Amino acid sequence: MNIIPLMQQGFASNSKRVIKMAENFSGDEVFFRPYDKVNHLAWEIGHLAFIRNTVIKLLNPSEKLESYENERANFTPGTPLQSNEMYASIPEVTTFFQQRGDRIVVLLTNLTQEHWDSESPFKLPFGTTVGSQIWTFFMHESFHLGEISYLKNILVKNKE
């Protein structure tokens, strides 16, 4: 499973990149949306932190997960965008995001080929094995990193 060290590096790198990009947002900018179909930074990072808990469960189904205030209310699949007051602060969410990323890196260290190839407990529309779902969630995280980057770039442009 040569992909495991690359995924470990990728999750660690994504943590650093998300935290670094979040530093470019201040005050109400975390709720900036260029138009109604776009999510704001508070949603983007919270969503990614929520998904990282799913990856942890895929890697270790018996793991006890921690949540921050309103996390499930904001990010359970199918939940519409909530009012701004419902979102935790960016520093709080990035802390959870980082901690969960660190945990994923550790759990990937002990991942066996048998578990990677096993059937996932989650019935998702992409992949049926633990490995295919972890890979898809990693790619999904990278996709959202691009969205965060665009939000940052639009904000910078608007400040000029």
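Starting from 1, residues in each chain are numbered consecutively following that chain's sequence as written. Two thresholds apply to this predicted model, a pLDDT of at least 70 for residue-level local features and 80 or more for giving and counting side-chain atom pairs, whereas whole-chain, interface and lining totals are computed over all residues. Side-chain numbers here rest on the full set of heavy atoms in the structure, without hydrogens or water.

### Regarding the packing of helix α1 (residues 3-22) against helix α4 (residues 90-109)
For helices, the fitted line uses only the C-alpha atoms of the stretch in contact; every axis is such a line through C-alpha atoms, and the angle between N-to-C directions lies from 0 to 180 degrees. In this description a helix means any DSSP run of H or I spanning at least four residues, a strand means any run of E spanning at least two, and both kinds are numbered starting from the N terminus. It is the contact of α1 with α4, at a shortest axis distance of 9 Å, that shows an interaxial angle of 170°. The orientation of α1 with respect to α4, classified from their angle, is roughly antiparallel. When α1 is examined against α4, the residues I4, M7, Q8, F11, A12, N14, S15, V18, I19 and A22 are found in contact with a partner set consisting of I90, T94, F97, Q98, G101, I104, V105, L108 and T109. Note on residue categories: nonpolar means Ala, Val, Leu, Ile, Met, Phe, Trp, Tyr, Cys or Pro, charged means Asp, Glu, Lys or Arg, and polar means any other residue, Gly included. Classifying every residue of the contact of α1 with α4 by side-chain character gives 12 nonpolar, seven polar and no charged. These descriptions rest on fixed angle ranges, namely under 35 degrees for roughly parallel, over 145 for roughly antiparallel, 65 to 115 for roughly perpendicular, and the rest for oblique. By definition in these notes, contact holds between two residues if any of their heavy atoms fall within 4.5 Å.

### Points about the pattern of salt bridges
Criterion for a salt bridge: a side-chain nitrogen of Lys or Arg within 4 Å of a carboxyl oxygen of Asp or Glu. Applying the stated criterion across every chain yields a total of five salt bridges. Put simply, R103 and E63 hold a salt bridge, and the shortest N to O gap is 2.8 Å. With R103 in helix α4 and E63 in the loop between α2 (41-59) and α3 (71-75), the pair connects residues that are 40 residues apart, well separated along the chain. The partly exposed category is assigned to R103, whose relative accessible area is 31%. Between R100 and E71 there is a salt bridge whose closest N-O contact spans 2.6 Å. Note that R100 is positioned in helix α4 and E71 in helix α3, a separation of 29 residues in sequence. Only protein chains enter the accessibility calculation, which uses a 1.4 Å probe; a residue whose area is less than 20% of its type maximum is buried, one above 50% is exposed, and one in between is partly exposed. Taking the relative accessible area as the measure of exposure, E71 reaches 1% and is therefore buried.

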